[in-house]
Amino acid sequence: MEKELLVYVDGRFFEKSKAVVSVFDHGILYGDGVFEGIRVYSGSVFRLVDHIDRLYDSAKSIHLKIPMTKHEMTEAVLETVRKNHLRDAYVRLVVSRGPGDLGVDPALCKDPTVFIIAEPMATVLGPKDPKVVRVVLASTRRDPVDAASHEIKSLNYLNSILAKIEANNAGVDDAILLDHRGFVSEASVSNIFIVKDTKVATPSSSAGILHGITRERIIRLCSDLGIDVEQRDVTPFELVTADEVFLVGTKSEILSVGSVRGTKIGNGGVGPLTKRLYQEFSKIVQRPEEGTPVYEAESVSI
Ligand code: PXG
């Protein structure tokens, strides 16, 4: 029989089928908690420091005190990957408010729950072209920054899920959410970039986006290539008339957008800049200095 994955729950490892949390946990009752989705490439956890920092910022913003230091959390992530002998993987790190009573009051939840799942995930990034996806503009608007802002990577993803349902119903891959003003915000679980006349732009914080770690790295990559990325308001008009549009995120990596609500972007394939960034990013994720090594340096036999 295949060995089950081992899941970290509050400091102990359980087989997947036995890894459970309480039905009184406010993570499940109210979506009260925070999380991270992280990739492991060739035995190195990509930008782990950034993910841990963002987790603690998300927790701080909802007054959730994580019962571990950042160092302990980092070790727990590495140990979870190690225990499962993974080299290319997806890690889901979750801290929920913990068990309480049936009321909404988080003050009654004394022990946050921490769990970490690591499962195998092959790398798609490589010499081939990125995948081309079709998207619609969701009628569901992104939660504004003065509401349950997506700057908080919280367990409440209904806003994205409603948009994804619209995409499913339209028979396309994903949906782009606009902010409450009507400017482009982001896709359900990825950030968005547009290219027009070789100029690159991406929506800024005011559009209620998650501050994506991939987004950040792509902006830096562009800068290293001498390409300036404008972080500003982007209109739906600019989106549909762009030469290239692409989505970026930990799980999606880089996806080329071929059409927006049926309107072809460029020639409907992969544009030259998207292709170039994809190829460069494929190399970046494999660089040891971009991540935290999971295993001790492997001995080399001479
Ligand atoms: N925006 C949102 C709303 C996200 O949830 C990103 C952007 C990209 O951020 P990173 O830091 O990953 O570059 C995310 C990513 C999935 C999945 O299945 C992804 C996310 C959350 C839940 C599921 O791909 N977060």
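Scope of this entry: the structure provided in the associated data block. (Residues numbered from 1 in each chain as written. Predicted model: local features only at pLDDT ≥ 70, side-chain atom pairs only at ≥ 80, totals over all residues. Heavy atoms only, no water.)

A few points about the sheet that holds strand S16 (residues 291–293)
What holds strands together in a sheet is hydrogen bonding between their backbones, with the strands either parallel or antiparallel.
Next, step 1: The strand order across the open sheet formed by 7 strands is S2-S1-S6-S5-S3-S4-S16, and the pairing between neighbours is antiparallel. Strand pairing shows two members of the sheet lacking a second neighbour, strand S2 (12–15) and S16, which therefore form its edges. With strand direction ignored, the average angle separating the axes of adjacent strands in the sheet is 25 degrees. (Pairing = 2+ DSSP bridges. Helix = DSSP H or I, 4+ residues; strand = E, 2+ residues; numbered from the N terminus. Axes fitted to C-alpha atoms, helices over the stretch in contact; angles between N-to-C directions.)

Comments concerning the pairing of strand S9 (residues 184–187)
Strand residues, when the strand is regular, have side chains that alternate between the two faces of the sheet.
Next, step 1: For strand S8 (residues 174–178) and S9, the ladder comprises 3 bridges, and the chain directions are antiparallel. Bridging across to S9, Leu 178 finds its partner in Val 184.
Next, step 2: Where S8 hands over to S9, the hairpin turn is made up of 5 residues, of which Gly 182 adopts a positive phi near 100 degrees.

What to know about the site of the ligand
Next, step 1: The immediate surroundings of the ligand are formed by 18 residues, with Lys 153, Tyr 157, Glu 186, Thr 214 and Thr 250 found nearest.
Next, step 2: Within the side chain of Lys 153, one N or O atom sits 2.6 Å away from a nitrogen atom of the ligand.
Next, step 3: Measuring from an oxygen atom of the ligand, one finds a side-chain N or O atom of Tyr 157 at 2.5 Å.
Next, step 4: When the ligand sits alone it has 550 Å² of accessible area, and the protein chains cover 91% of it.
Next, step 5: Two domains share the shell around the ligand, each providing at least three of its residues, namely domain 1 (6–120) and domain 2 (132–284). (Near = heavy atom within 4 Å. Polar contact = N/O pair within 3.5 Å; in protein donor to acceptor, adjacent residues only side chain to side chain. Areas by Shrake-Rupley, 256 points an atom, 1.4 Å probe, with all protein chains shown as cover. Domains from an automatic or database assignment.)

Some thoughts on a nonpolar patch on the surface
Next, step 1: Together, Val 23, Phe 24, Ile 28, Leu 29, Tyr 30, Leu 102 and Val 104 make up an exposed nonpolar region whose accessible area comes to about 700 Å².
Next, step 2: Given a relative accessible area of 33%, Leu 29 falls into the partly exposed group. (Patch = residues over 30% accessible without salt bridge, like charges linked within 9 Å, V, L, I, M, F, W, Y side chains within 5 Å. Salt bridge = Lys/Arg side-chain N within 4 Å of Asp/Glu carboxyl O. Buried < 20%, exposed > 50% of the residue type's maximum accessible area, 1.4 Å probe, protein only.)

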